[in-house]
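Observations on the three-dimensional arrangement
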Amino acid sequence: MKNLVLMLCLVLSSWQIQAQEKTITGTVTADFDGIPLQGVNVIIKGTSQGTLTNLEGKYSIKVSADDVLLFSYLGYKKISKKVNDALVIDVIMQIDNSTLDEVVTVGYGTHNPTISTGSVSVVNSEKTKTKKKDNYSQILSGQAAGVNVATGSGQPGKTATVRIRGANSTHRGTRLYVIDGVPTNSENFRKMNPNNIASISVLKDAQSTAIYGSRGSTEVILINTKKGNHNPVNQEHYAKIHENQFKYSSQTPLSTFSIDVDKASYSNVRRMINNGETVPTNAVKLEEMVNYFNYNYPQPIDEHPFSINTEVVETPWHKETQLVRIGLQGKTYANDILPASNLTFLIDVSGSMGSQNKLPLLKSAFKLLVNQLREKDKVSIVVYAGAAGVVLEPTSGDQKEKILEALDHLNSGGSTAGGAGIKLAYKLAEKHFKNNGNNRVILATDGDFNVGASSDDDMQSLIEEKRKSGVFLSVLGFGYGNYKDSKLETLADKGNGNHAYIDNMQEAQKVFGKEFGGTLYTIAKDVKIQVEFNPKKVQAYRLIGYENRLMADADFVDDTKDAGELGSGHTVTALYEIIPLGIKSDYLKNKPDLKYTTSKATENYDDELFTVKFRYKKPKEDTSIEMVHIQKDTITAASIDSNFTAAVALFGMQLRNSKYYNNATTTKVIELAEKGRGKDVDGYRAEFIRLVKSYDNLK
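Because the structure is a prediction, the values reported are computed rather than measured.

Re the nonpolar core
Grouped together as the largest cluster of nonpolar side chains are 69 residues, with contacts concentrated most on Phe-293, Ile-422, Leu-491, Phe-651 and Phe-688. Setting aside its immediate chain neighbours within four residues, Ile-422 contacts Leu-346, Phe-449, Met-459, Leu-462, Ile-463 and Leu-491. In this structure, Phe-345, Val-370, Ala-406 and Leu-410 belong to the second largest nonpolar core, which totals 35 residues.

Next up, the structure:
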């Protein structure tokens, strides 16, 4: 009987103990970037029982209510959490400054690997200089312990595969490569000249790669070059530009294109020059360079939302041609009388946005906009990384602290589901649509979409469908290295919007401060320009820039064709270089003889050089309105603005290595810019002059 009672007591005691046990789950992230941490030790205090966080920073452990969990990770402060009644315990770990120097040293590969806490192998130039190395795999092969280099099929052109921890490694995550302290990818590593490499360090455990967070959770290969300043291969992408050629006005008298108020190219080029980088040819869009600056065009005085201005001068870089300037000035409205706004901020918080010049700059830029909002304005915030979500429902513009707090809490991490973000943002904007207001999505990203629909064509199809909702789009580009200009330009062009590139707070102030109305409020949409040149006066013409905005002549009167939008206070400038009748030019090829058609100018209009027509729609209408302006055959002395536009266009042609700038020097650019500097209240023209001088010194 006693044995039976004892057994019952033991069973009841066991049941009571088991009843007190429960499973705790949670996620561990880093405080400075919000990225999940893999390999964090989670231990029950006073025991040897514990677990590690997985790739997503998640853990699961059985505990009792009285237990205390200890979280530790090299380079971070230890954290203790009492279990109590909790079922989920999420932890944010902070950098431990007392060990930061040691961690940084390991991360940059200068620490003595023999005393490193992690598993490290080093290959230096002394080990590889006995013979010339033709590729990176020869440097690693047989040199680093725990590293296997599989040469694949052995066929020419096939690259080797680097495996760390042996061929049977079960981990197949993305390996991080760090070249001279700059994180990059395997493709950039493969493209390096092996003979420029001084040493390679292989870090093979989670503790040794703590400084790189989840990016280094698989393995890290540290490469030091002999010069120590390797510039990884640039992964930015720009649409191909085929420069406009001269056309005979007798054969092709019409030139048709959509306006362009985008200004991204200039600030992007400025960033490259200031960083001492080579400017890619296709990054230079002449129309965006010219339109970055405002010009002294008069305000409209009639029922139309913009004024039309034309000027013809001698081309500063070619004495035998003439330069035509066509300018539009959008009507300027005071911010306090503009209609109520329904704004949806669509913010990229993926891992690629972690750099200081991306998400941190983005948040500061948006704060400038928030501070100008009125009580009648509403703001929503949608974010996307691996998925999309709403972080702020529509909030009145007078609740600035709430909006700013939502911005401050944004952190980067994960992949980039841009398409999902766009769909969610438009869905929210349509749900809260203001019939008599300004409805707009403001997308801020580097454009590096990599989950779901992501190609330029995918984005075009998606945004063309979404623009039918009546919601307009502004696209703001940030960062460099992986900046996808072509994708962002496509979104802005096809989404009834504009595109700006923000490289610093000065540019943010320009976009959201000085040009607040033009950035957010559309006064005319689908604005098209068609110029007809008089063949009795103009032998040939060439549109300078706008290559990505050209339209078929028949599209000018087709109201179903999309074109550019004009915002409050915006100016638009277009330049043509024309060759007068009777001038011989090396730019012109012989015309073919026509059998069935004759080209003959009319007897009239001897005093006209060209006629320019404009078509536009009011923001809420679908039928276009036409305006006509005639330019007489009169050449005038260059105005201040004409000199400056010529300077910017000439500099852009030099950057593009155009065949049309007639070997003019940057000295000529500076001379024209000085003549065109004018009052320059904000100093943008003076900055351009400094930029040209900086570029001149780099050559």
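Additional details are given in the paragraphs that follow.
Here's the deal with helix H9 (residues 400-408)
Residues of H9 that are buried include every one of Ile-403, Ala-406 and Leu-407, and no others. With its buried residues spanning 100° around the axis, H9 presents them on a single face. Elements that come into contact with the buried residues of H9 comprise strand E19 (341-348), helix H8 (359-370), strand E20 (378-384) and strand E21 (388-396).

Looking at the pattern of salt bridges
For the coordinates displayed, the defined rule picks out 33 salt bridges. Two residues, Arg-542 and Glu-243, come together in a salt bridge whose shortest N-O distance is 3.8 Å. Of this pair, Arg-542 sits in strand E26 (residues 538-544) while Glu-243 is found in the loop between strand E14 (220-225) and strand E15 (247-248), placing the two residues 299 residues apart along the sequence. Of the two residues examined, Arg-542 and Glu-243, each falls in the buried class. Two residues, Glu-489 and Lys-285, come together in a salt bridge whose shortest N-O distance is 3.4 Å. Of this pair, Glu-489 sits in helix H12 (residues 485-494) while Lys-285 sits in the loop between helix H6 (264-274) and helix H7 (286-291), placing them 204 residues apart in sequence.

A word on the layout of surface pockets
In this model, the second largest pocket occupies a volume close to 770 Å³. Put simply, the parts of the chain that give the lining of the second largest pocket at least two residues each are strand E22 (438-445), strand E25 (522-533) and strand E29 (608-617). Broken down by element, the residue count for the lining of the second largest pocket peaks at four residues, all from E25. Of the residues that constitute the lining of the second largest pocket, the class distribution is 12 nonpolar, eight polar and 13 charged.

Notes on the confidence of the model for the protein chain
The share of residues in the protein chain with pLDDT of 70 or more is 78%, and the mean pLDDT across the chain is 81. At the level of individual helices and strands, the protein chain shows its lowest average pLDDT in helix H2 (residues 97-107), which scores 37, and its highest in helix H15 (residues 640-655), which scores 98. Scored below 50 in pLDDT, residues 141-173 shows 58 contacts in the model against residues more than four places distant or in partner chains.

A closer look at the packing of aromatic side chains
Any aromatic ring pair is given by two values, namely how distant the centres are and how the planes are angled relative to each other. Here the structure, examined in full by the defined rule, presents 26 aromatic pairs. Measuring from ring centre to ring centre gives 5.3 Å for Phe-306 and Tyr-616, while their planes differ by 70°; the resulting arrangement is edge-to-face. Residue Phe-306 is located in strand E17 (residues 306-314), and its partner Tyr-616 is located in strand E29; the two are separated by 310 residues in the primary sequence. One exposure class covers both Phe-306 and Tyr-616, and it is buried. Its end group placed over the ring of Tyr-292, Lys-510 keeps NZ or CZ at 4.0 Å from the ring centre. The ring of Phe-246 has Arg-542 sitting right over it, with the charged end atom 5.7 Å from the ring centre.

Concerning the sheet that holds strand E18 (residues 322-330)
Read from one edge of the open sheet, five strands run E15-E26-E28-E18-E17, paired in antiparallel fashion. Because the sheet does not close on itself, it has two edges, and the strands there are E15 and E17. Sitting on the sheet, H15 is in contact with E17, E18, E26 and strand E28 (571-580), with an inclination near 110° to E18.

A look at empty space enclosed by the protein
This model, assessed by the stated rule, comprises five cavities of 30 Å³ or more. Space inside the largest cavity adds up to approximately 130 Å³. Lining the largest cavity are 13 residues, and of these Lys-263, His-499, Ala-500, Glu-515 and Thr-519 sit closest to its centre. Going through the elements one at a time, strand E23 (472-477), strand E24 (497-501) and helix H13 (505-514) are the ones with two or more residues in the lining of the largest cavity. For the lining of the largest cavity, the per-class residue count stands at five nonpolar, four polar and four charged.

Examining the sheet that holds strand E2 (residues 41-44)
Taken in spatial order, the four strands make up an open sheet running E3-E2-E5-E6, and their pairing is antiparallel. Either end of the sheet is taken by a strand with one partner, and the two such strands are strand E3 (50-52) and strand E6 (79-82). Taken over all neighbouring pairs, the strand axes of this sheet differ in orientation by 20° on average, direction set aside. Note: strand E5 (residues 68-72) against E6, four bridges, orientation antiparallel. Across the sheet, the residue bridging to Leu-69 is Lys-81, located in E6.

As for the environment of Thr-27
On the secondary structure map, Thr-27 appears in strand E1 (residues 21-30). Among the residues examined, Thr-27 registers a relative accessible area of 19% and is labelled buried. Placed 10 residues apart in sequence, Thr-27 and Leu-37 show a C-alpha to C-alpha distance of 8.4 Å. Among the polar contacts listed, one links the side chain of Thr-27 to the side chain of Lys-58, at a separation of 3.4 Å.

Remarks on the packing of H15 against helix H17 (residues 684-698)
Direction vectors running N to C along H15 and H17 enclose 30°, while the axes themselves pass 12 Å from each other. Viewed along their axes, H15 and H17 adopt a mutual orientation that is roughly parallel. With respect to the hand of their crossing, H15 and H17 are arranged in left-handed fashion. Across from Ile-640, Asp-641, Phe-644, Ala-647, Val-648, Phe-651 and Leu-655 in H15, the residues of H17 making contact are Arg-685, Phe-688, Val-692 and Tyr-695.

Points about the pairing of E2
Going residue by residue along E2, you find Val-42 and Ile-44 tucked away on one face and Asn-41 and Ile-43 left uncovered on the opposite face. Inspection of the sheet shows E2 paired to E3 by three bridges, in the antiparallel sense. Each bridged residue has a counterpart across the sheet, and for Asn-41 the counterpart in E3 is Leu-52. In this structure, the hairpin formed by E2 and E3 is closed by a connection of five residues, where Gly-46 is found at a positive phi of approximately 85°. Pairing of E2 with E5, which is carried by four bridges, proceeds in the antiparallel orientation.

Definitions and cut-offs
Residues numbered from 1 in each chain as written. Predicted model: local features only at pLDDT ≥ 70, side-chain atom pairs only at ≥ 80, totals over all residues. Heavy atoms only, no water. Core = buried A, V, L, I, M, F, W, Y, C linked by side-chain atoms within 4.5 Å. Buried < 20%, exposed > 50% of the residue type's maximum accessible area, 1.4 Å probe, protein only. Contact = heavy atoms within 4.5 Å. Helix = DSSP H or I, 4+ residues; strand = E, 2+ residues; numbered from the N terminus. Arc of directions from axis to C-beta. Salt bridge = Lys/Arg side-chain N within 4 Å of Asp/Glu carboxyl O. 1 Å grid on protein atoms, 1.4 Å probe; cavity = no way out; pocket = protein on both sides within 12 Å on 5 of 7 lines; lining within 4 Å. Points joined across faces, edges and corners; volume = space filled by probe spheres on them. Nonpolar A, V, L, I, M, F, W, Y, C, P; charged D, E, K, R; others polar. pLDDT = per-residue confidence, 0-100. Phe/Tyr/Trp six-rings, centres within 6.5 Å; stacked < 30°, edge-to-face > 60°. Lys NZ or Arg CZ within 6 Å of the ring centre and 35° of its normal. Pairing = 2+ DSSP bridges. Axes fitted to C-alpha atoms, helices over the stretch in contact; angles between N-to-C directions. Polar contact = N/O pair within 3.5 Å; in protein donor to acceptor, adjacent residues only side chain to side chain. Parallel < 35°, antiparallel > 145°, perpendicular 65-115°, else oblique. Left-handed = near helix turned anticlockwise from the far one by under 90°.

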